[in-house]
Amino acid sequence: MSRELVADYIARLVPYVPGKPMEELERELGITDSIKVASNENPLGPSPKALRAIRAALKTLNRYPDGNATVLKEKLAGKLKVKPEMIVMGNGSNEVLELAAATFMRPGDHAVISEHAFVVYDLAVDSRGLSKTVVPPGKNYGHDLAAMARAVTDKTRMLFIANPNNPTGTMATRAEMDALLKSLPEPVIVVLDEAYFEYVEDPAYPDGVELVKSGARLIATRTFSKIYGLAGCRIGYGVMPAEFADYMNRVRQPFNTNSLAQAAAYAALDDDAFVRRSRATNRKGLKYLYREFKRLKLEFIPSVANFVLFKSSMEARVLYERLLHQGVIVRPMGGYKLPQWLRVTVGTPAENRRFISALEGLL
Ligand SMILES: Cc1ncc(COP(=O)(O)O)c(C=O)c1O
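Residues numbered from 1 in each chain as written. Predicted model: local features only at pLDDT ≥ 70, side-chain atom pairs only at ≥ 80, totals over all residues. Heavy atoms only, no water.

### Some details on the environment of Pro302
In step 1: Looking at the secondary structure, you find Pro302 in the loop between β9 (300-301) and β10 (307-311).
In step 2: Here the alpha-carbon distance between Pro302 and Gly169, two residues 133 residues apart in the chain, equals 7.0 Å.
In step 3: Contact partners of Pro302, with chain neighbours within four places excluded, come to Asn140, Thr168, Gly169 and Tyr290. (Helix = DSSP H or I, 4+ residues; strand = E, 2+ residues; numbered from the N terminus. Contact = heavy atoms within 4.5 Å.)

What follows is the structure, encoded as structure tokens:
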């Protein structure tokens, strides 16, 4: 009998389905003015300072990047008031999530994840043949941290928490995080994914970097993909105890973040005006979408991030396809076990109006 090409746990993996690219939709439908509000990207474009830095860095492309991202880490460390040795850079924060599982989980270890959480945690665990418990959600399909704590066994090594969570836009509070951290036994590491950190304006929102500083066994991940508008560059980072970072850096590929991404991220950190403008655009966009969803009598989940989950009055997949034909790309949530729901990213005011008008026409 021939050996199977891949292990069972690889054969069982379900490919990730990204948001449909605008170019693909336009080619399929022969249109030119589609909008993509499907991947929680920044609708204002990249940080202008980052763009200038990329142009200047182009002439160094014959050289390998700085594998340690030294100057970028120093700058980040200054901003976050941590030691550079506590930061690991990744090819997007996704890579840091992967690295967390690769570095700290041993064969036989177990992870705890919430139902309807960002799918990459499942992938990091499942692709290594590790075991997991998927905990039922709490309010608004968000994380129930107390239930996650109860799912910890003597094999548990890692808890993955998205704060805010994608696709629900929900968040755990500082009090909930504190209670969770207090209850966890020593070997457990919390991976706290803060990809949308810079958007959150709720005063009860916990700061993962502060939790690391206070001694928690925690890896806080953040990204330049969202508010800094650099999703295509693929650069993010994790902040963690220096001992964790030391091991993670041994597992990491030596040149995992490229020189254009490093230069862009460095410059973007100075672009406070762009960050402020992005946050304000998002705040106004959320308000507009809530008002319109109410007017259209569509159920939605209030969000602290740059996207909103809303419930379709028809099968979500059908509404998604019909919106595509209007040149509007959103994301159906069947893959997140929410087959009635769609996720829309907050766009520019014009994009938000276009989305609502297409939606209204279809309902
Ligand atoms: C919750 C969450 N974490 C991480 C990421 C990945 O971000 P990055 O582009 O930094 O890999 C995303 C992207 O959509 C996300 O929604």
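### Overview of the site of the ligand
In step 1: Around the ligand, the neighbouring residues are Gly92, Ser93, Asn94, Phe118, Asn166, Asp193, Ala195, Tyr196, Thr223, Ser225, Lys226 and Arg234.
In step 2: Interatomic distance of 2.6 Å between a side-chain N/O atom of Tyr196 and an oxygen atom of the ligand.
In step 3: Here an oxygen atom of the ligand sits 2.7 Å away from a polar atom, N or O, in the side chain of Arg234.
In step 4: Relative to its free-state accessible area of 390 Å², the ligand is covered by the protein chains to the extent of 93%.
In step 5: Of the residues that constitute the shell around the ligand, the class distribution is 3 nonpolar, 6 polar and 3 charged. (Near = heavy atom within 4 Å. Polar contact = N/O pair within 3.5 Å; in protein donor to acceptor, adjacent residues only side chain to side chain. Areas by Shrake-Rupley, 256 points an atom, 1.4 Å probe, with all protein chains shown as cover. Nonpolar A, V, L, I, M, F, W, Y, C, P; charged D, E, K, R; others polar.)

### Topic: the side chain of Glu292
In step 1: Checked against the element boundaries, Glu292 lands in helix α12 (residues 272-295).
In step 2: Judged by its relative accessible area of 10%, Glu292 falls in the buried class.
In step 3: Within the local environment of Glu292, its side chain forms a polar contact with the side chain of Arg295, the two groups lying 2.6 Å apart. (Buried < 20%, exposed > 50% of the residue type's maximum accessible area, 1.4 Å probe, protein only.)

### Quick word on the domain arrangement of the protein
In step 1: Along its sequence, the protein is carved into domain 1 (19-46 + 272-362) and domain 2 (48-268).
In step 2: Computed from C-alpha atoms alone, the centre-to-centre distance between domain 1 and domain 2 is 25 Å.
In step 3: A combined buried area of about 2,400 Å² lies between domain 1 and domain 2, and 61% of that area is made up of carbon and sulfur atoms.
In step 4: Looking only at domain 1, the three residues that lose the most surface to domain 2 are Pro46, Val304 and Tyr336, adding up to 29% of its buried area.
In step 5: Our enumeration of links across domain 1 and domain 2 arrives at 2 salt bridges.
In step 6: Across the pair Lys337 and Glu115 runs a salt bridge whose closest N-O atoms are separated by 3.9 Å.
In step 7: Taken together, domain 1 and domain 2 are joined by 9 residue pairs in polar contact (both at pLDDT 80 or more).
In step 8: Counting only elements with at least two residues in the side of domain 1 that touches domain 2, the list comes to α12, β10 and β13 (341-345). (Domains from an automatic or database assignment. Buried area = accessible area lost by both parts, 1.4 Å probe. Salt bridge = Lys/Arg side-chain N within 4 Å of Asp/Glu carboxyl O.)

### Considerations on helix α3 (residues 48-57)
In step 1: Buried within α3 we find Ala50, Ala53, Ile54 and Ala57. End-on, the buried residues of α3 take up no more than an arc of 105 degrees, which puts them together on one face. Exposed side of α3, more than 90 degrees from the buried face: Arg52 and Arg55 are the residues found there.
In step 2: Structurally, α3 contributes buried residues whose contacts are with α11 (259-268). (Arc of directions from axis to C-beta.)

### Regarding the pattern of salt bridges
In step 1: By the definition in use, this model includes 18 salt bridges.
In step 2: Of the charged contacts in the structure, one is a salt bridge between Asp122 and Lys132, with a shortest N-O distance of 2.6 Å. Pair noted here: Asp122 is in helix α6 (residues 120-126) and Lys132 is in strand β4 (residues 131-135), with a separation of 10 residues, a long-range link.
In step 3: The partner of Arg317 in a salt bridge is Glu321, with the nearest N and O atoms 3.7 Å apart. With Arg317 and Glu321 both in helix α13 (residues 316-325) and 4 residues apart, this pair spans about one turn of that helix.
In step 4: Classification of Glu321 as partly exposed rests on a relative accessible area of 35%.
In step 5: Residues joined by salt bridges that share partners form a network here, namely Lys20, Glu24 and Glu28.

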